[in-house]
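Descriptive analysis of the structure
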Amino acid sequence: GSAVTLENVRKTYQLGEPVHALDGVSLEIPRGSYTAIMGPSGSGKSTLMNLVGCLDTPTEGTVVVDGADVAQLSDRERTRLRGTTVGFVFQTFNLMPRLNALENVALPQLFQGIDRGERHERARELLERVGLGDRTDHMPNELSGGQRQRVALARALVNDPAIVLADEPSGNLDTETESDVLDLFAEFHDAGTTMVVVTHERHVAERAERIVHVLDGQLERIESLDGGESTA
Ligand code: ADP
Ligand code: ADP
């Protein structure tokens, strides 16, 4: 089955002249796959991520996430899907500065009606999995860039999402730290999580199974990294 299916998706922004940020995009993201999305600035990558992550709805066409047609959902249902089915990792980490690592990781569970003890237990488990079991009480400003990104990854995974979306996840990291974070992505992918990573960096994209190349709001081509090549 598919984690995400886009069919003839168009996204138009209407600020004076209409801009077709996406124009006729059809894409299937299989469950458990690892996809990289590449393309120049302004090509539509963020728009695509926002649709896949249920942060936005298409102007035309359909987006189906984990079996649900996103446009048919109420705002409330969409928010719920976003919180449970999708985990987000951003370049700037987006951690809450006044919460420690454990509290940051526990945060997405607040809306799941899980009690505090259980939330913290689960958060501690995730921090251990990303190698930060000894940093649970640290505030974000007491952590290195790589550690903050690992906290962000733990937070993205805490609700056991079907899909993890990462937008330039290693943009702020040095080479060695980046490599650690990408190893973690590979580990979670091996454990069955569907990974989608937007990146400008070829070597980051090459950790995926395939690269979707976006150009001017369209899929230019899909590059399979185990040899073959197919057109979009
Ligand atoms: P990328 O992430 O590849 O840089 P985006 O998806 O951010 O590309 O943008 C694609 C196109 O849509 C660009 O021309 C951009 O200017 C336009 N765009 C993106 N978001 C908005 C918005 N909220 N309002 C108007 N135009 C937008
Ligand atoms: P990494 O290789 O994971 O990015 P660094 O070599 O940058 O780690 O940092 C090493 C140690 O220094 C880490 O354990 C981290 O807790 C600590 N550290 C890094 N930056 C800061 C900071 N701004 N304030 C306090 N401690 C920091």
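Residues numbered from 1 in each chain as written. Chains lettered and ligands numbered in written order. Predicted model: local features only at pLDDT ≥ 70, side-chain atom pairs only at ≥ 80, totals over all residues. Heavy atoms only, no water.

On to the site of ligand 1. The full set of residues close to ligand 1 is Tyr13, Leu15, Val19, Ala21, Pro40, Ser41, Gly42, Ser43, Gly44, Lys45, Ser46 and Thr47. With respect to ligand 1, the backbone of Gly44 contributes an N or O atom lying 3.0 Å from an oxygen atom. Note that an oxygen atom of ligand 1 is positioned 2.9 Å from one of the side-chain N or O atoms of Lys45. Surface burial for ligand 1 is 63%, taken as the share of its 560 Å² of free accessible area covered by protein chains. The set of elements that each furnish at least two residues to the shell around ligand 1 consists of β1 (2-15), β2 (17-30) and α1 (45-52). Of all the elements, α1 adds the most residues to the shell around ligand 1, at three residues. Of the residues contributing to the shell around ligand 1, the split by class is five nonpolar, six polar and one charged. (Near = heavy atom within 4 Å. Polar contact = N/O pair within 3.5 Å; in protein donor to acceptor, adjacent residues only side chain to side chain. Areas by Shrake-Rupley, 256 points an atom, 1.4 Å probe, with all protein chains shown as cover. Helix = DSSP H or I, 4+ residues; strand = E, 2+ residues; numbered from the N terminus. Nonpolar A, V, L, I, M, F, W, Y, C, P; charged D, E, K, R; others polar.)

With that out of the way, let us pick up the packing of helix α4 (residues 116-129) against helix α5 (residues 145-157). It is at 9 Å that the axes of α4 and α5 come closest, and there the two elements cross at 130°. Regarding the angle of α4 to α5, the classification is oblique. Along this stretch, α4 crosses α5, giving a crossing that reads as right-handed. Two secondary-structure elements touch here, α4 through Arg122, Leu126 and Leu127 and α5 through Val151, Ala154 and Leu157. (Axes fitted to C-alpha atoms, helices over the stretch in contact; angles between N-to-C directions. Parallel < 35°, antiparallel > 145°, perpendicular 65-115°, else oblique. Left-handed = near helix turned anticlockwise from the far one by under 90°. Contact = heavy atoms within 4.5 Å.)

A separate point is the pairing of β2. Of the pairings in the sheet, the one linking β1 to β2 comprises eleven bridges and is antiparallel in character. From the neighbouring strand, Thr5 faces β2, where its bridge partner is Glu28. Counted between consecutive antiparallel strands, the loop separating β1 from β2 contains one residue, among which Gly16 sits at a positive phi close to 70°. (Pairing = 2+ DSSP bridges.)

In the vicinity of ligand 2, the contacting residues are Arg135, Asn141, Glu142, Ser144, Gly146, Gln147, Arg150 and Thr177. One of the backbone N or O atoms of Asn141 is found 3.3 Å from a nitrogen atom in ligand 2. Side-chain polar atom of Ser144 to an oxygen atom of ligand 2: 2.9 Å apart, as the coordinates give it. Within the complex, 45% of the 560 Å² of free accessible area of ligand 2 lies under protein. Among the elements that make up the shell around ligand 2, the one with the highest residue count is α5 (three residues). A class-by-class count of the residues in the shell around ligand 2 yields no nonpolar, five polar and three charged.

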